[in-house]
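Descriptive structure summary
Below are the chains, spelled out letter by letter.
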Amino acid sequence: MQSFLWILLSVAVGYLLLVVLMYQLQSQMIYHPQKSITYTPEDVGLPYEDVTFDTEDGVSLHGWYISGDEHDVNVLYFHGNAGNISGRLQTIELLHNLGLNVFIFDYRGYGKSQGSPSEQGTYKDARAAWNYLVSKRDIENDQIVIMGRSLGGAVASWLAAQKQPAATILESTFTSAADLGADLYPWLPVRSMISYDYNTLENIKQIRSPLFMAHSKDDEIVPYHHGQTLLEAANDPKTFVELRGSHGSGFWETGEKYRTALQKFLKENITNQ
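Quick caveat: nothing in here was measured; it's all calculated off a predicted structure. (Residues numbered from 1 in each chain as written. Predicted model: local features only at pLDDT ≥ 70, side-chain atom pairs only at ≥ 80, totals over all residues. Heavy atoms only, no water.)

**A few points about the nonpolar core**
Generally speaking, nonpolar side chains in soluble globular proteins are found buried as a group. Where we set the bar: The term nonpolar core refers to a set of buried residues drawn from Ala, Val, Leu, Ile, Met, Phe, Trp, Tyr and Cys, joined through side-chain atoms within 4.5 Å. Working definition: with a 1.4 Å probe on protein chains only, accessible area under 20% of the residue-type maximum means buried, over 50% means exposed, and in between means partly exposed. Between two residues, a contact is recorded if the distance between any of their heavy atoms is within 4.5 Å.
In terms of nonpolar packing, the biggest core is built from 45 residues, with Phe53, Leu76, Phe78, Phe103, Phe105 and Tyr198 touching the most fellow members. In this structure, Tyr198 is in contact with Tyr31, Ser118, Glu119, Thr122, Tyr123, Leu151, Ala154, Val155, Phe174, Thr175, Ser176 and Ala177, ignoring residues within four places of it in sequence. Grouped together as the second largest cluster of nonpolar side chains are 31 residues, Tyr77, Leu100, Phe251 and Leu262 included.

If you want it as structure tokens, here you go:
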């Protein structure tokens, strides 16, 4: 009996230590920045402009501006939690081929951007990127499409709820950090320990621009039900495309179905597209 109690105590102590460790490592579990820029748009034949701009708290951010064939609609793109902008060339090329200008940048701590990532930091970065397009490039609100994938969808939803873009695109995005954590670690008291919000579900209720959403049933990181819940909460007009393939490449694996649906959405909802 005593040995059994010792086993239970050891298991309890081990579990508690694991909870404490994961609580302390939340930032490292959420953000996976890569500093080195391994590729540029020139590697896929696209000329681009290197851009640097500052946030309200004085952090210098780096990004690229890629001009499309038509110079009216600009996509402000928010990438996911891993890597940096150099891993998003497929997306840049796809959007460029639709005739769109693309402004993509790295959050603080990613790529050539200064600082260290945090939730409030990503929001400040988002606001600075929007202000760069509006103030520095004299682009009107109705010429900007806010687009985000995965963690970038959560950041994009926050910005789209604050501003009035021409349209919003959210792909492979979770309802909230706590909901996703509970799905990924059901054996942990995630909702009690998590320090991050990223509440896309609440943000999406405030978005008034036309909304395009996409999610894969095969998504191994963000379960499909997150996309369905977001779709139900979103305001009209809204479009949903079911992708196939993995979390990071569902848009690419889905191919022409995705591209055609996105092009149709833009033509129907943006007057100068």
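The discussion continues.
**Quick look at the layout of surface pockets**
The condition is simple: In the cavity and pocket records, a cavity denotes points on a 1 Å grid over the protein atoms alone where a 1.4 Å probe fits but cannot get out, a pocket denotes an open set with protein on both sides within 12 Å along at least 5 of 7 lines, and lining residues are residues with an atom within 4 Å of a point. Grid points are joined across faces, edges and corners, and a volume is the space filled by probe spheres set on the points. Per the convention used, a helix needs a DSSP run of H or I reaching at least four residues, while a strand needs a run of E reaching at least two, with both numbered from the N terminus. Each residue gets one of three labels, nonpolar for Ala, Val, Leu, Ile, Met, Phe, Trp, Tyr, Cys and Pro, charged for Asp, Glu, Lys and Arg, and polar for the others, Gly among them.
The computed volume of the largest pocket comes to approximately 480 Å³. Along the walls of the largest pocket sit 20 residues, with Met29, Ile30, Leu180, Leu184 and Tyr185 positioned nearest its centre. Of all the secondary-structure elements, those providing two or more residues to the lining of the largest pocket are α2 (26-30), α6 (177-184) and α7 (190-193). Ranked by residue count, the leading element in the lining of the largest pocket is α6, at four residues. Among the residues forming the lining of the largest pocket, the class breakdown is 16 nonpolar, four polar and no charged. In this structure, the second largest pocket spans a volume of roughly 250 Å³. For the second largest pocket, the lining is made up of 15 residues, of which Gly80, Arg88, Arg149, His247 and Gly248 are closest to its centre.

**Topic: empty space enclosed by the protein**
Applying the stated rule across the entire model yields one cavity of 30 Å³ or more. The computed volume of the largest cavity comes to approximately 40 Å³. What lines the largest cavity is simply Leu170, Glu171, Ser172, Thr173, Met213, Ala214, His215, Gly227, Leu230 and Phe240. Going through the elements one at a time, β8 (167-171), β9 (211-216) and α9 (224-233) are the ones with two or more residues in the lining of the largest cavity. Here the element with the most residues in the lining of the largest cavity is β9; it accounts for three residues. Across the lining of the largest cavity, the residue classes tally to five nonpolar, four polar and one charged.

**With respect to α6**
Where we set the bar: The reported arc concerns the directions from the helix axis to the C-beta atoms and nothing else.
Within α6, burial applies to Ala177, Ala178, Leu180 and Gly181. Along the long axis of α6, the arc covered by the buried residues comes to 165°, so they all point the same way. If you follow the buried residues of α6, they end up packed against α7 and α9.

**Points about the packing of aromatic side chains**
Applied cut-off: In this scheme Phe, Tyr and Trp rings, the latter by its six-membered ring, pair at centre separations within 6.5 Å, and the angle between planes marks the pair as stacked below 30 degrees, edge-to-face above 60, and tilted otherwise. Working rule: Lys NZ or Arg CZ, within 6 Å of ring centre, within 35 degrees of ring normal, means a charge sits over the ring.
Applying the stated criterion to the full structure yields 17 aromatic pairs. Each ring, one from Phe212 and one from Phe265, has its centre 5.4 Å from the other, and the planes form 55°; the classification is tilted. Here Phe212, found in strand β9, pairs with Phe265, found in helix α11 (residues 256-269); they are 53 residues apart in sequence, far enough to count as distant. The class for Phe212 is buried, based on a relative accessible area of 0%. Between the NZ or CZ atom of Arg137 and the centre of the ring of Tyr65, over which it lies, the distance is 3.7 Å. Residue placement shows Arg149 over the ring face of Phe251; its charged tip is 3.8 Å from the ring centre.

**Focus: unusual backbone geometry**
Between Asp236 and the following residue, Pro237, the backbone shows a cis peptide bond with an omega angle of -5°. Relative to the elements of secondary structure, Pro237 occurs in the loop between α9 and β10 (238-243). Within the chain, Asp138 stands out as a residue other than glycine whose phi angle is a positive 55°. The backbone of Tyr198 shows a phi angle near 40°, a positive value even though the residue is not glycine. Taking the relative accessible area as the measure of exposure, Tyr198 reaches 1% and is therefore buried.

**Concerning the environment of Met147**
Here Met147 is to be found in strand β7 (residues 144-149). As a C-alpha pair, Met147 and His79 span 68 residues in sequence and 8.7 Å in three-dimensional space.

**Observations regarding the environment of Ser60**
Locating Ser60 in the fold gives a position in strand β3 (residues 60-66). The spacing of Ser60 and Ser113 is 53 residues in sequence and 6.0 Å in space, taken between C-alpha atoms. Apart from the residues within four sequence positions on either side, Ser60 is in contact with Thr52, Phe53, Asp54, Ser113 and Gln114.

**Comments concerning the sheet that holds β10**
Stated formally: Should DSSP find at least two bridges between two strands, the strands are regarded as paired. Fitted lines through C-alpha atoms serve as axes, helices being fitted only where they are in contact, and the angles separating the N-to-C directions of these axes extend from 0 to 180 degrees.
Spatially, β2-β3-β6-β4-β7-β8-β9-β10 is the arrangement adopted by the eight strands of the open sheet, whose pairing is mixed. A single partner strand is all that each edge strand has here, and the edge strands are β2 (49-54) and β10. Geometrically, the sheet is characterised by an average inter-axis angle of 20° between neighbouring strands, direction not taken into account. Relative to strand β6 (residues 101-105), β3 runs antiparallel, the two sharing four bridges. Within the sheet, the bridge partner assigned to Gly63 lies in β6 and is Phe105. Contacting β4 (74-78), β7 and β8, helix α5 (residues 151-162) crosses the sheet at an angle of about 145° to β7.

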